[in-house]
Amino acid sequence: MTSSQPPLGAPADPAPSALRAVVTGASSGIGAATVRALRSSGWEVIAAARRADRLQALADETGAVPMTLDVTSQESVDAFAAEVSAAGPVHALVNNAGGAFGADPVADAVTKDWEWMYNVNVLGSMRMTRALLPALRDGGQGSVLFLTSTAALAAYEGGAGYCGVKAAQQSMARSLRLEEAEHNIRVVEVSPGMVHTEEFSLNRLGGDQDAADSVYNGVPFPLTAEDVADAVAFTLNAPHHVNIDQLVLRPLAQAANHKVLRR
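Read on for a plain summary of the structure. (Residues numbered from 1 in each chain as written. Predicted model: local features only at pLDDT ≥ 70, side-chain atom pairs only at ≥ 80, totals over all residues. Heavy atoms only, no water.)

1. Quick notes on the overall build of the protein
Definition in use: Put simply, DSSP marks the helices as runs of H or I at least four residues long and the strands as runs of E at least two long, and each gets a number from the N terminus on. Per-residue accessibility takes into account occlusion by the displayed protein chains alone, with areas from the Shrake-Rupley method and a 1.4 Å probe.
Counting secondary structure elements, the protein contains eight helices and nine strands. Per element, the accessible surface of the protein, about 12,200 Å² overall, is 55% carbon and sulfur.

2. Things to note about the packing of aromatic side chains
Here is the rule we go by: Classification of ring pairs rests on two measures: the distance between centres of Phe, Tyr or Trp rings, Trp counted by its six-membered ring, which must be within 6.5 Å, and the angle between planes, read as stacked under 30 degrees, edge-to-face over 60 and tilted in between.
Taken as a whole and judged by the stated rule, the model has one aromatic pair. With a centroid separation of 4.6 Å and an interplanar angle of 65 degrees, the aromatic rings of Phe101 and Trp116 are classed as edge-to-face. A residue pair is termed long-range when its members are at least 10 positions apart, and Phe101 in the loop between strand 4 (92–95) and helix 4 (111–138) and Trp116 in helix 4 qualify at 15 residues.

3. Concerning the packing of helix 3 (residues 74–86) against helix 4
Threshold: Fitting a line to C-alpha atoms yields each axis, with helices limited to the stretch in contact; the angle taken between N-to-C directions then spans 0 to 180 degrees. Our angle categories are set so that under 35 degrees counts as roughly parallel, over 145 as roughly antiparallel, 65 to 115 as roughly perpendicular, and the remainder as oblique. For any pair of crossing helices, the crossing counts as left-handed if the nearer helix is rotated counterclockwise from the farther one by less than a right angle, and right-handed if it is rotated clockwise. Any two residues having at least one pair of non-hydrogen atoms within 4.5 Å are treated as being in contact. Any residue that is not Ala, Val, Leu, Ile, Met, Phe, Trp, Tyr, Cys, Pro, Asp, Glu, Lys or Arg is counted as polar, Gly included; the first ten are nonpolar and the last four charged.
As a packed pair, helix 3 and helix 4 sit with axes 10 Å apart at the nearest point and diverge in direction by 20 degrees. Taken together, helix 3 and helix 4 sit at an angle that is classed as roughly parallel. The handedness of the crossing between helix 3 and helix 4 is right-handed. When helix 3 is examined against helix 4, the residues Gln74, Val77, Phe80, Ala81, Val84 and Ser85 are found in contact with a partner set consisting of Arg127, Met128, Arg130, Ala131, Leu132 and Ala135. Here the contact of helix 3 with helix 4 is built from residues that sort into eight nonpolar, two polar and two charged.

4. Here's the deal with the sheet that holds strand 4
Using the following cut-off: Two strands are said to pair when DSSP picks up at least two bridges between them.
With parallel pairing, seven strands are arranged side by side in an open sheet as 3-2-1-4-5-6-7. The open sheet has two edge strands, strand 3 (65–68) and strand 7 (246–249), and neither has a second partner. The sheet shows a mean angle of 15 degrees between the axes of neighbouring strands, taken without regard to direction. Across five bridges, strand 5 (residues 143–147) lies against strand 6 (residues 186–192) in parallel orientation. Paired with Ser143 across the two strands is Arg186, which belongs to strand 6. Lying on the sheet, helix 8 (residues 225–237) is in contact with strand 4, strand 5, strand 6 and strand 7; it crosses strand 6 at an angle near 160 degrees.

5. Points about the nonpolar core
What counts here: Working definition of a nonpolar core: buried Ala, Val, Leu, Ile, Met, Phe, Trp, Tyr and Cys residues. They are joined through side-chain atoms within 4.5 Å. For each residue, the accessible area found with a 1.4 Å probe, counting protein chains only, is set against the maximum for its type, and the residue is called buried under 20%, exposed over 50%, and partly exposed in between.
Membership of the largest hydrophobic core comes to 36 residues, with the highest contact counts inside it found for Val35, Leu38, Trp43, Leu145, Val190 and Leu236. It is helix 8 that contributes the most residues to this core, seven residues altogether. If near-sequence neighbours (up to four positions away) are discounted, Leu236 is found in contact with Leu38, Trp43, Ala92, Val94, Ser143, Leu145 and Arg186.

6. Things to note about the side chain of Thr150
Tracing the sequence through the fold places Thr150 in the loop between strand 5 and helix 5 (160–180). In this structure Thr150 comes out as buried when scored by relative accessible area, which is 3%. Residues within four places of Thr150 in sequence aside, it is in contact with Ser191, Pro192, Gly193, Val248, Arg250 and Asn257.

7. Some thoughts on helix 1 (residues 29–40)
As a reminder, the rule being used: In this analysis, the expected span of each helix is defined as 1.5 Å times one less than the number of residues it contains.
Taking 1.5 Å of rise per residue, the 12 residues of helix 1 would be expected to cover 16 Å, and the 17 Å separating its terminal C-alpha atoms lies within 8% of that figure. Of all the positions in helix 1, only Ile30, Gly31, Ala32, Ala33, Thr34, Val35, Ala37 and Leu38 are classed as buried. Looking at the buried residues of helix 1, the elements they touch are strand 1 (20–24), strand 2 (44–49), helix 2 (52–62), strand 4, strand 5 and helix 8. Where helix 1 terminates, the next one or two residues include Gly42, which has phi positive at roughly 100 degrees.

8. Regarding the environment of Lys259
With respect to the helices and strands, the residue Lys259 is situated in strand 9 (residues 259–260). Since its relative accessible area comes to 53%, Lys259 is described here as exposed. Not counting the four nearest positions on each side in its chain, Lys259 is found in contact with Ala253 and Gln254.

As far as function goes, none of this settles anything; it's purely spatial.
Encoded structure:
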């Protein structure tokens, strides 16, 4: 008896121009930039997030399909996955929805901030991956990408919560890669360092614009959302037999999490 699965790493129908991707957290920052990057390289993209107005603007600009989604709600994830799967196979899931709240030391940790981070970054990625794995397998050549962070690689003061959730995502990616290779599914981790986006530091620092701006003061050329999106597109556009397990990118000025050049 022959297997119904294609040979490991083999391309599968449909042609690359018809590949479908789901991008979570698509209403701003890296998510929106990733939608643009994938659309420009020929992917059909479902842009998913909570803010319908922003999604519609992005859809009008790029031709992506906007769909509202809350990754912290199992009901929302189930409804989303059912609608997307009914329309055909899925060839890539970009688990981008996430973020950081708070920069307190463990002694002053705020429980609700940690709960939010785990619910969105870790459980959100798990819910989406679990829900879309059948459609990814059906596509014959699926990819699951986790947008983690260099925070997963080394702890720093005030970062225990965020470092923890990104390390948990990293572990999820590594386990999933072992579990899903037989289904011709690649699992990719993209881990950016210092990225200057419109909302990340502002959310983390409680809406304090001056404090958010100070994170980047004097740093020549921090990464942009577009830099990270190009890295995401690079990994997904590689031939399917090539699994880029982890891609780490930092601005040149950030030699390590604890060493940042400021001028």
